Amino acid sequence: MPEPYQHILYNVQGRIALITLNRPEKLNAWSPRMEVEFMDALNTASADTNVHVIVVTGAGRAFCAGGDIQSFNDRLHGEFVPPSGPTSLIAREGSPEVPQVLARSKPVIAAINGHAVGIGLTMPLACDIRIASDQAKFSVRFVRVGLTPECGSTRYLPLVAGLGNALYMALTGATIDADEALRRGLVDRVVPHDKLMDEAMAVASEIAANPPGAVWAAKRLMHESGNQSDLRTAVSMEGFAIREARRHPDHAEAVKAFIEKRPPQFGAQGGAK
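Residues numbered from 1 in each chain as written. Predicted model: local features only at pLDDT ≥ 70, side-chain atom pairs only at ≥ 80, totals over all residues. Heavy atoms only, no water.

### Description of the pattern of salt bridges
Phase 1: Tallied over the entire structure, the rule returns eight salt bridges.
Phase 2: Arg-220 serves as the salt-bridge partner of Glu-224, at 3.7 Å between the closest nitrogen and oxygen. Placement of the pair is Glu-224 and Arg-220 together in helix α9 (residues 212-225), with a separation of four residues, close to one helical turn.
Phase 3: A relative accessible area of 35% places Glu-224 in the partly exposed class.
Phase 4: What makes Arg-220 partly exposed here is its relative accessible area of 27%.
Phase 5: For Arg-262, the salt bridge identified is with Glu-260, shortest N-O distance 2.6 Å.
Phase 6: Given a relative accessible area of 28%, Arg-262 falls into the partly exposed group.
Phase 7: Overlapping salt bridges bring together Glu-253, Glu-260 and Arg-262 as one network. (Salt bridge = Lys/Arg side-chain N within 4 Å of Asp/Glu carboxyl O. Helix = DSSP H or I, 4+ residues; strand = E, 2+ residues; numbered from the N terminus. Buried < 20%, exposed > 50% of the residue type's maximum accessible area, 1.4 Å probe, protein only.)

### Quick look at α9
Phase 1: If you check α9, its first and last C-alpha atoms are 20 Å apart, about what 14 residues at 1.5 Å a residue would give, namely 20 Å.
Phase 2: Check the buried side of α9 and you find it contacts α3 (97-103), β5 (108-112), α5 (153-161), α8 (196-208), α10 (231-246) and α11 (249-259). (Expected span 1.5 Å × (residues − 1). Contact = heavy atoms within 4.5 Å.)

### Focus: the packing of α9 against α10
Phase 1: Two elements in contact, α9 and α10, have axes whose closest approach is 10 Å; the angle formed by their N-to-C orientations is 165°. With respect to each other, α9 and α10 are oriented roughly antiparallel. For the pair α9 and α10, the sense of crossing is right-handed. Counting all contacts with α9, which are made through Arg-220, Leu-221, Glu-224 and Ser-225, the residues of α10 involved are Ala-234, Met-237, Glu-238 and Ala-241.
Phase 2: By residue class, the composition of the contact of α9 with α10 is four nonpolar, one polar and three charged. (Axes fitted to C-alpha atoms, helices over the stretch in contact; angles between N-to-C directions. Parallel < 35°, antiparallel > 145°, perpendicular 65-115°, else oblique. Left-handed = near helix turned anticlockwise from the far one by under 90°. Nonpolar A, V, L, I, M, F, W, Y, C, P; charged D, E, K, R; others polar.)

And the structure:
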């Protein structure tokens with residue numbers, strides 16, 4: 001994807017990559033181009049050995065107000081044209097690639113600064129941590145426009161919020177505020193609006209201070225073991241991972257630093273595959 005992006009912003013601050021959905025005049029409505037650019041930025045961050053964590057937020061007063069209605073209309077009339085560019089990434093119906101790219105990315109924090117509707121909510125569900133402004137609003141609104149949930153949300157919504165909450169959100173299309181989203185498990189914490197990015201960057205910095213290989217292995221294990229119904233398979237995966245971790249120089253450095261009462265100096269090895 002050629003720079004500069006048209007529908008997102010991408011910049012790196014130390015060990016943190018910041019991706020900003022950037023169509024504020026349309027409340028960051030999700031377009032096919034935004035989808036391709038978003039996935040490209042995730043892949044760019046995950047390939048950068050200097051980046052350890054990714055933060056996603058929205059420009060202006062919304063996080064993402066859902067799918068771009070114009071693209072819906074174009075599809076209805078057979079006028080949809082996929083975004084062009086020198087990339088193998090494609091915006092597909094239902095955004096099936098987005099949660100898969102998020103799952104294999106370095107840790108992703110969603111800093112939800114305003115309305116999160118439709119894919120503006122289902123995309124953050126596939127992120128690893130969700131921090132919301134106290135001004136944010138949430139809705140799985142698909143049913144109200146005659147559509148069904150997408151972007152992996154039929155897996156992630158019951159997983160993070162429970163089946164009852166998932167069904168309530170999906171069947172009513174209701175809009176809820178940040179405090180109710182916290183009670184229902186859709187977000188991990190709610191902070192004052194003007195503290196949102198400070199909080200997201202602080203959590204990102206806390207993660208980035210850890211050895212990247214161990215961080216990535218922990219994320220991968222949580223995703224893969226969470227799909228296992230057999231406990232023996234899960235603990236076997238853990239056993240393989242911890243044996244690999246014990247052989248990594250970062251483990252020896254962490255032990256040595258603890259004994260010497262100094263901060264550890266971890267390498268840049270490891271990360272998303």
